[in-house]
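As a plain string of letters, each chain reads:
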Amino acid sequence: MTDGRKYFGTDGVRGVVGGATINADFALRLGYAAGSVLTRHVPAGGRPAVLIGKDTRISGYMLESALEAGLSAAGVDVLLAGPIPTPAVAYLTRALRLVAGIVISASHNPYRDNGIKFFSARGMKLPDEIEAEIEAALSQPAGCVDSESLGRARRVDDANGRYIEFCKSTFPTEFDLVGQKIVVDAANGAAYSVAPHVFRELGAEVLEVGCRPDGFNINEQVGALYPEHLIEQVRAQGAQIGIALDGDADRVQMVDESGRLYNGDELLYAIVRDRMRGTKVEGVVGTVMTNFGFEKGMQALGIGFDRAKVGDRYVLERMLALGWRYGGESSGHLLCLDRHTTGDGIIAALQVLACIRRGGQPLSRLVADLKMYPQKMVNVPLEPGMRWQDHPGLMAAKRKVEKELNGRGRVLIRASGTEPKLRLMVEAEEAALAEHGVRELLAVNLARA
């Protein structure tokens, strides 16, 4: 959780189904609390309406119904989109002029987990101050408006079609994908019925992987977290490209014709370099985990670079603060604000495919100038409440390693946000330097802090 909030983390509320927050009772109360807050931000005389989308987890049905009941009790109309990618909810919220959008998804987590996150009317993550208002409202018992004021609910039958057309509109009209054989892995998640259509309707021959959800197999050895099967299929089928999404389709990894895997840093490099053909790119935002080679690559291109905390929410906040249009994470959350208001795996893949078509070169050539630095990371136990930032031995070791690297790499030390561990990472031009740096950090006895 962040900023002392009890329920909302960096990406909404998330947890194990049946736990303290991800259950029917809490979802109903959250719906009512969110509805009560959102109605205060609607112009006088207006009727608030919210879109709910979800991924393919079995628990989505329960949470959807509970949220719908809570929102209706607060006097908010509900539009139900069914299984649909997270970025589709962001788009439809904005396109339909709604007060907010809600996504029921735990992204890349297994089916036993689920989550609830919100988008604002602008199609961006809900502002911190609104989330704080909802948190405060959760401390009050759920109520109900009078019968005349209850919210109505209806299905949005053309939600997928609207989003497919939006995705296609981000691909240059002068290009198509005719003659391209593409393997699309939807992780048995929210994009299972959308992603294949997008690429097929642009002319590609599409081979589907992870497009048969059963409520339990989301992210199960498929998708962006498990690209091994995609790599095998690209090679076996003689495909030109492979595209792997995660469970809610807001992140992407890609595979070329040889089976080489490209992460978010490499894909973002290809997109940014291509954008430089027709416009000035002021800068790009990454995270503390973005490869040092990417930072050096931006410097070589004369493009500014800045790092945010891990999380696409923080990347977007920094992009907006700096007025920059491009950013992303190594994990594959890529933001192109000239195309969409949020990270979108399908749209990011389309931008890379446009780079390939425009340049007439394979992906490997488009990133040939990018030298990714070898990275070594280890996790060590961290005692609760320990201020590792003030540990004299660890800080001395960090300074020593940085001096030895002499600008040829970097050291990152950060606490895990989900478990009591400290992550020690060293990047260097050579793998041996990274290994040596990590050994120096591991030699410190943290128990003496």
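Now for a description of the structure that goes with this document. (Residues numbered from 1 in each chain as written. Predicted model: local features only at pLDDT ≥ 70, side-chain atom pairs only at ≥ 80, totals over all residues. Heavy atoms only, no water.)

**Notes on the overall build of the protein chain**
So, step 1. The helix and strand tally for the protein chain stands at 14 helices and 18 strands.
So, step 2. Relative to the 2.2 N^0.38 estimate, which gives 22 Å for 449 residues, the radius of gyration of the protein chain is 23 Å and therefore close to what a compact globule would have.
So, step 3. Going through the 449 residues of the protein chain one by one, you find that 57% of them count as buried.
So, step 4. Taking the intrachain contacts of the protein chain between residues at least 6 apart in sequence as the baseline, contacts between residues at least 24 apart amount to 70%.
So, step 5. Taken as a whole, the protein chain presents about 18,500 Å² of accessible surface, with 49% of it coming from carbon and sulfur.
So, step 6. Counting 53 positive and 55 negative side-chain charges, the protein chain places the centres of these two groups 4 Å from one another. (Helix = DSSP H or I, 4+ residues; strand = E, 2+ residues; numbered from the N terminus. Rg over C-alpha atoms; globule rule 2.2 N^0.38 Å. Buried < 20%, exposed > 50% of the residue type's maximum accessible area, 1.4 Å probe, protein only. Contact = heavy atoms within 4.5 Å. Areas by Shrake-Rupley, 256 points an atom, 1.4 Å probe, with all protein chains shown as cover. Lys, Arg positive; Asp, Glu negative; His and termini not counted. Charge placed at Lys NZ, Arg CZ, Asp CG, Glu CD.)

**Some remarks on the sheet that holds strand E16 (residues 375-381)**
What links the strands of a sheet is backbone hydrogen bonding, and the strands pair in either a parallel or an antiparallel sense.
So, step 1. With antiparallel pairing, three strands are arranged side by side in an open sheet as E16-E18-E17. Whereas interior strands pair on both sides, the edge strands pair on one side only; in this sheet they are E16 and strand E17 (409-415). Averaged over all neighbouring strand pairs, the angle between strand axes comes to 15°, with direction disregarded.
So, step 2. Across the sheet, helix H14 (residues 431-442) touches E16, E17 and strand E18 (421-428), and the angle it forms with E18 is around 150°. (Pairing = 2+ DSSP bridges. Axes fitted to C-alpha atoms, helices over the stretch in contact; angles between N-to-C directions.)

**With respect to the packing of helix H8 (residues 264-275) against helix H11 (residues 345-359)**
So, step 1. Put simply, H8 and H11 touch, their axes get as near as 9 Å, and they point 55° apart. Relative to H11, H8 is oriented oblique. The way H8 lies across H11 gives a crossing that is left-handed. Residues Leu-267, Ala-270, Ile-271, Asp-274 and Arg-275 of H8 pack against Ala-348, Gln-351, Val-352, Cys-355 and Arg-358 of H11.
So, step 2. Considered class by class, the residues forming the contact of H8 with H11 number six nonpolar, one polar and three charged. (Parallel < 35°, antiparallel > 145°, perpendicular 65-115°, else oblique. Left-handed = near helix turned anticlockwise from the far one by under 90°. Nonpolar A, V, L, I, M, F, W, Y, C, P; charged D, E, K, R; others polar.)

**Some words on the packing of aromatic side chains**
So, step 1. Counted according to the given criterion, the structure contains six aromatic pairs.
So, step 2. Ring geometry for Phe-292 and Tyr-373: centres 5.3 Å apart, planes at 85°, overall edge-to-face. Taken as a pair, Phe-292 in helix H9 (residues 292-301) and Tyr-373 in the loop between helix H12 (363-366) and E16 lie far apart in primary sequence, 81 residues in all. For the pair Phe-292 and Tyr-373, one class covers both residues: buried.
So, step 3. Across the ring face of Tyr-61, the terminal group of Lys-54 is positioned such that the distance to the ring centre comes to 3.7 Å.
So, step 4. Positioned above the aromatic ring of Tyr-373, the side-chain terminus of Lys-371 is 5.8 Å from the ring centre. (Phe/Tyr/Trp six-rings, centres within 6.5 Å; stacked < 30°, edge-to-face > 60°. Lys NZ or Arg CZ within 6 Å of the ring centre and 35° of its normal.)

**Side note on the environment of Gln-389**
So, step 1. Within the secondary structure, Gln-389 sits in the loop between E16 and helix H13 (392-405).
So, step 2. A relative accessible area of 39% places Gln-389 in the partly exposed class.
So, step 3. Sequence-wise, Gln-389 and Phe-119 are 270 residues apart; in three dimensions their C-alpha atoms are separated by 34 Å.

**Some remarks on the environment of Arg-408**
So, step 1. For Arg-408, the position within the fold is in the loop between H13 and E17.
So, step 2. Using a relative accessible area of 31% as the deciding quantity, one classes Arg-408 as partly exposed.
So, step 3. Note: C-alpha distance between Arg-408 and Ile-22 (386 residues apart in sequence) is 45 Å.
So, step 4. The residues touching Arg-408, leaving out its near neighbours within four places in the chain, are Phe-292, Tyr-373, Glu-427, Ala-428, Glu-429 and Leu-433.

**Re the sheet that holds strand E8 (residues 205-209)**
So, step 1. Pairing is mixed in the open sheet, where five strands are placed in the order E8-E7-E9-E10-E11. Two strands bound the open sheet, and with one partner strand each, they are E8 and strand E11 (261-262).
So, step 2. Alignment of strand E10 (residues 252-256) against E11, held across two bridges, turns out to be antiparallel. Its bridge partner lying in E11, Met-254 is registered against Tyr-262.

**A word on the nonpolar core**
So, step 1. In terms of nonpolar packing, the biggest core is built from 69 residues, with Phe-199, Ile-346 and Leu-353 touching the most fellow members.
So, step 2. Broken down by element, this core gets its largest block of residues, ten residues, from H11.
So, step 3. If sequence neighbours within four positions are ignored, Ile-346 has contacts with Tyr-163, Cys-167, Ala-191, Val-194, Ala-195, Val-198, Phe-199, Leu-245 and Ala-249.
So, step 4. The next biggest cluster of nonpolar side chains, apart from the first, holds 32 residues, and it includes Val-13, Ala-27, Ile-104 and Leu-138. (Core = buried A, V, L, I, M, F, W, Y, C linked by side-chain atoms within 4.5 Å.)

**Re helix H10 (residues 312-322)**
So, step 1. Buried residues of H10: Asp-312, Arg-313, Tyr-314, Val-315, Leu-316 and Met-319, and no others.
So, step 2. Contacts from the buried residues of H10 go to helix H4 (128-138), strand E12 (283-287), strand E13 (304-308), strand E14 (326-328) and strand E15 (334-336).
So, step 3. Gly-323 lies just past H10 and shows a positive phi near 75°.

**A word on the pattern of salt bridges**
So, step 1. Under the counting rule described, the total for this entry stands at 29 salt bridges.
So, step 2. One salt bridge connects Arg-47 with Asp-77, and the closest N-O pair in it is separated by 2.9 Å. Note that Arg-47 is positioned in the loop between helix H1 (24-39) and strand E2 (49-54) and Asp-77 in strand E3 (residues 77-83), a separation of 30 residues in sequence.
So, step 3. A salt bridge links Arg-313 to Asp-128; the shortest N-O distance between them is 2.7 Å. You can see Arg-313 sitting in helix H10 and its partner Asp-128 sitting in helix H4, a full 185 residues away along the chain.
So, step 4. Here Arg-313 falls in the buried class, since its relative accessible area comes to 6%. (Salt bridge = Lys/Arg side-chain N within 4 Å of Asp/Glu carboxyl O.)

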